[in-house]
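Breakdown of the fold
Okay, here's what each chain looks like letter by letter:
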Amino acid sequence: MRVGLFGGSFNPIHLGHLRAAEEVREALKLDLVYFIPAASPPHKQSSELAPAEHRLAMVRAATKGNRHFMTSDVEIRRSGRSYTIDTVRHFLATLKQPAPLYLMMGGDQFAELDSWKEPEELTRLCNFVVHTRLIEGKEGPARISVAALKRFGYNQADDHYVHSSGQTLSFVDTTFLPISATEIRGNLQLGESIRYLVPFDVVDYVQRHSLY
Ligand code: ATP
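Here's what I pulled together on the structure shown here.

Cut-offs used in this document
Residues numbered from 1 in each chain as written. Predicted model: local features only at pLDDT ≥ 70, side-chain atom pairs only at ≥ 80, totals over all residues. Heavy atoms only, no water. Helix = DSSP H or I, 4+ residues; strand = E, 2+ residues; numbered from the N terminus. Rg over C-alpha atoms; globule rule 2.2 N^0.38 Å. Buried < 20%, exposed > 50% of the residue type's maximum accessible area, 1.4 Å probe, protein only. Contact = heavy atoms within 4.5 Å. Areas by Shrake-Rupley, 256 points an atom, 1.4 Å probe, with all protein chains shown as cover. Lys, Arg positive; Asp, Glu negative; His and termini not counted. Charge placed at Lys NZ, Arg CZ, Asp CG, Glu CD. Polar contact = N/O pair within 3.5 Å; in protein donor to acceptor, adjacent residues only side chain to side chain. Salt bridge = Lys/Arg side-chain N within 4 Å of Asp/Glu carboxyl O. Pairing = 2+ DSSP bridges. Axes fitted to C-alpha atoms, helices over the stretch in contact; angles between N-to-C directions. Phe/Tyr/Trp six-rings, centres within 6.5 Å; stacked < 30°, edge-to-face > 60°.

It is worth spelling out the overall build of the protein chain at this point. Tallying secondary structure elements over the protein chain gives nine helices and eight strands in all. Its C-alpha atoms give the protein chain a radius of gyration of 17 Å, within 12% of the compact-globule value 17 Å for 212 residues. Dimensions along the principal axes, computed over C-alpha positions, put the protein chain at roughly 50 × 40 × 30 Å. Per-residue burial for the protein chain yields a buried fraction of 49% across its 212 residues. Counting contacts in the protein chain only where the partners sit at least 6 residues apart, residues at least 24 apart contribute 72% of the total. Here the protein chain has roughly 10900 Å² of accessible surface; of this, 49% comes from carbon and sulfur atoms. Each charge class in the protein chain was averaged separately, 24 positive and 24 negative side chains, and the resulting centres sit 5 Å apart.

On the secondary structure map, Arg151 appears in helix H7 (residues 146-151). Look at Arg151 and you get exposed, because its relative accessible area is 52%. Separated by 49 residues in the primary sequence, Arg151 and Phe200 have C-alpha atoms spaced 44 Å apart. At a separation of 3.2 Å, a polar atom in the side chain of Arg151 contacts the side chain of Asp114.

Counted by the stated rule, this structure contains ten salt bridges. Here Arg124 and Glu121 are joined by a salt bridge, their closest N and O atoms 3.0 Å apart. Highlighted residues: Arg124 and Glu121, both in helix H6 (residues 119-125), separated by three residues, approximately one helical turn. Looking at Arg124, the relative accessible area reads 42%, which means it is partly exposed. Two residues, Asp204 and Arg208, come together in a salt bridge whose shortest N-O distance is 3.2 Å. Residue Asp204 and its partner Arg208 are located together in helix H9 (residues 200-208), separated by four residues, close to a single helical turn.

Pairing between sheet strands relies on hydrogen bonds along the backbone, with the strands arranged either parallel or antiparallel. Pairing is mixed in the open sheet, where eight strands are placed in the order E3-E2-E1-E4-E5-E8-E7-E6. Every interior strand has two partners, whereas the edge strands, strand E3 (69-71) and strand E6 (154-157), have only one. Between one strand axis and the next, the sheet turns by 25° as a mean value, whatever way the strands run. In this sheet, strand E4 (residues 101-106) lies alongside strand E1 (residues 3-8) in parallel orientation, the contact comprising four bridges.

What follows covers the packing of aromatic side chains. Taken as a whole, this structure holds nine aromatic pairs when the rule is applied. When the centroid spacing of 6.0 Å and the interplanar angle of 80° are considered together, the rings of Phe110 and Phe171 count as edge-to-face. Residue Phe110 is located in helix H5 (residues 107-110), and its partner Phe171 is located in strand E8 (residues 168-172); the two are separated by 61 residues in the primary sequence. We note that Phe110, like Phe171, is buried.

Rendered as structure tokens:
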């Protein structure tokens, strides 16, 4: 059993998140991918953040129908700041069978690994899988420098990196859908359509609850 953990503010979840998760799942042959909305993401301003229960409900609506996709409310139940290290420890302690964990994220997030809580411990406890997310104005996918990877204890092996603990780091080139939650919220504030940027059920949910 190979388990992916995909955390984010999902404010709201959109097709960019979903397509990247699906391609990473296939590439890494993951059996399950847990989408984990953050209660209070450490790197984000909270004023524009929809209430956690709404973001969770939208993730549930967006992922239903894919038997590999699960939703976890662990960070929302924990409340306070959502640190990935706490979430990884939770999964390691509670999975029914021991399973390798694959922490999934876009390159933009991985590039900030240094500023996370206990990054060295995180690289020892789980595998990382980084999907490319092209950032406007930057030439290539945002990747951390090779020097920084060495500092974290990674060495290159074929098409991926291996940590001194044995955990791996892989980069997966996914089809980039240039959709951002910030833009979606902007569309809504201007009264513009968000159809085909998010699944239908999410459009419906946003309208019914007058979010954003
Ligand atoms: P915001 O615009 O509100 O900052 P965001 O989509 O950048 O939202 P999150 O919801 O926290 O922020 O992102 C969750 C994860 O999804 C991150 O790892 C991020 O890199 C990745 N991600 C976000 N947008 C895309 C996209 N269009 N394609 C692929 N990955 C994405």
